[in-house]
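# Residue-level structural notes
Residues per chain are reported as follows:
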Amino acid sequence: MDIEGLVALANSNGASDLHLEAGLPAALRVRGSLRTMGDALPPKTLLEMGRQLLSEEQWSQFLERRSYDLSKTINGVRCRVNVLQTSRGVGFAIRLLASFQATIEKLNLHPDLKKLVAPTNGLILVSGPTGSGKSSTLAALIQEINLAEARHIVTIESPIEYMFRPRKSYIRQREVGRDTPSFEQALLDALREDPDVLMVGEMREPETMRLTLSASETGHLVMATVHSSTCAEALQRVVSAFPSEIQSGVAAQLADCIFAVISQRLRFRPELNIRVPECEVLMASHAVKNFIRNRDFFKIASSVETGAEHGMWSFQRYRTWLDNRKNWYRHDENTDVPDSETSDSSAPLPPISSPPATNSEVPPVLPSSALKLPRSLGKTSDRIEIEPTEGEFGRILKRPGEK
């Protein structure tokens, strides 16, 4: 079975993730539980799948870094793919994204979350463990702006998961590695691009966090994700990522720019046969800002419990609201056509090359005889990669008016 068939199988079983590993059967994550099916996959088959899925340039980068991230529509399903090298050979970790355009209603989120995108400046953090739907919630917030207001939105993602079709807003999406070399460079660029809203796919490095905080202080509405299980932990994680001697300054900066924090986790509701997000929502009241400035993060939990009048939600109160909810959105009710990449785009520029590997003693990933596969082994990628010559590259970048 090829990659298209495996993704179709995962989609038909309602899986959120598909894992492929040489010598092991395919594994599906369905409603949070992992299950295997079928026979063990031969290493050669997965190698061929990797060569089909990646372009020549992407394959070269994979061989250099031993992993590669991309987003791609496979058999009609938008997927986020991580191709990785393991001890057994080439493996895949594929996240099947929603087949509809994410909105607050379609994700079964509380309508109060729409109020979070009303301000024109500040920082909104969306937190949660891996696979809790952070990217979907972030996409829903962006879509709420897109459907309501004329704002300039710039997203920085690795890779791009949800494709937005501009409605009322002007949207630019940049993918790290393809459109920009790093989150840091994209954030520096964004400050010169006149954005109203800036979306940062993930904050992991201190430099990315520093630039994100600076952007939220300069009159932009900034949204970002961070890995944590509660709102207080999300704020503490940002501050603790910096050296101890500057954490007081970072905490003060965070207190000044933070507007709201959403922490969420997915729960399966058997009566509906769907997973829905349970959220904790923290609003930046004066008391909360003081706790952040003084780094008293342990006091934030009590503010969430007693902050209903400020629009805050504890996990328990939010769960009660879910239990009393009557109208639910189910994915099988969807009649919208999901947004996707345009197929008539002009020839892309060559992908940005990655920095050389730091460890020159790492052994080769695969034997050289296995890397030169004939074209007949499978279908080529549906994305046409054009490598311009030096003369053609100059014509692509020619200024308007030049002959």
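Our subject is the structure that appears above.
Given the structure is predicted, the values throughout are model-derived calculations rather than measurements. (Residues numbered from 1 in each chain as written. Predicted model: local features only at pLDDT ≥ 70, side-chain atom pairs only at ≥ 80, totals over all residues. Heavy atoms only, no water.)

Taken as a whole and assessed by the stated rule, the structure comprises 20 salt bridges. Among the ionic pairs, Glu271 bridges to Arg269, the shortest N-O distance being 3.0 Å. For Arg269, a relative accessible area of 11% puts it in the buried group. Several salt bridges share partner residues, and in doing so they unite Arg174, Asp189, Arg192 and Glu193 into one network. (Salt bridge = Lys/Arg side-chain N within 4 Å of Asp/Glu carboxyl O. Buried < 20%, exposed > 50% of the residue type's maximum accessible area, 1.4 Å probe, protein only.)

Moving on, we come to the sheet that holds strand β5 (residues 77–86). With antiparallel pairing, six strands are arranged side by side in an open sheet as β3-β2-β1-β6-β5-β4. Only two strands of the sheet have a single neighbouring strand rather than two, namely β3 (33–37) and β4 (67–74). Along the sheet, successive strands turn relative to each other by an average axial angle of 20 degrees, direction set aside. Pairing between strand β2 (residues 26–30) and β3: five bridges, direction antiparallel. Bridging from a neighbouring strand, Leu28 pairs with Arg35 of β3. The strands touched by helix α3 (residues 56–65) within the sheet are β4, β5 and β6 (89–96), with β4 carrying the most contacts at an inclination of about 145 degrees. (Pairing = 2+ DSSP bridges. Helix = DSSP H or I, 4+ residues; strand = E, 2+ residues; numbered from the N terminus. Axes fitted to C-alpha atoms, helices over the stretch in contact; angles between N-to-C directions. Contact = heavy atoms within 4.5 Å.)

What follows is about the pairing of strand β7 (residues 122–127). Counted residue by residue, β7 has six buried out of six residues, so it is predominantly covered. Alternating positions in β7 separate into two faces, Gly122, Ile124 and Val126 on one and Leu123, Leu125 and Ser127 on the other, with burial throughout. Bridge analysis of β7 against strand β11 (residues 221–226) gives six bridges, and the strand direction is parallel. Considered in β11, the bridge of Leu123 is made with Val222. Relative to strand β12 (residues 258–269), β7 is paired through five bridges, and the arrangement is parallel. Bridging across to β12, Ser127 finds its partner in Ser263.

This brings us to unusual backbone geometry. Residue Pro159 is reached from Ser158 by a cis peptide bond, and omega for that bond is -5 degrees. Relative to the helices and strands, Pro159 resides in the loop between β8 (152–157) and β9 (170–175). At Arg31, a position not held by glycine, the phi torsion is positive, near 55 degrees. Structurally, Arg31 can be placed in the loop between β2 and β3. Not every positive phi belongs to a glycine, and Asp194 is a case in point at roughly 55 degrees. Here Asp194 shows up in the loop between α5 (183–190) and β10 (197–200).

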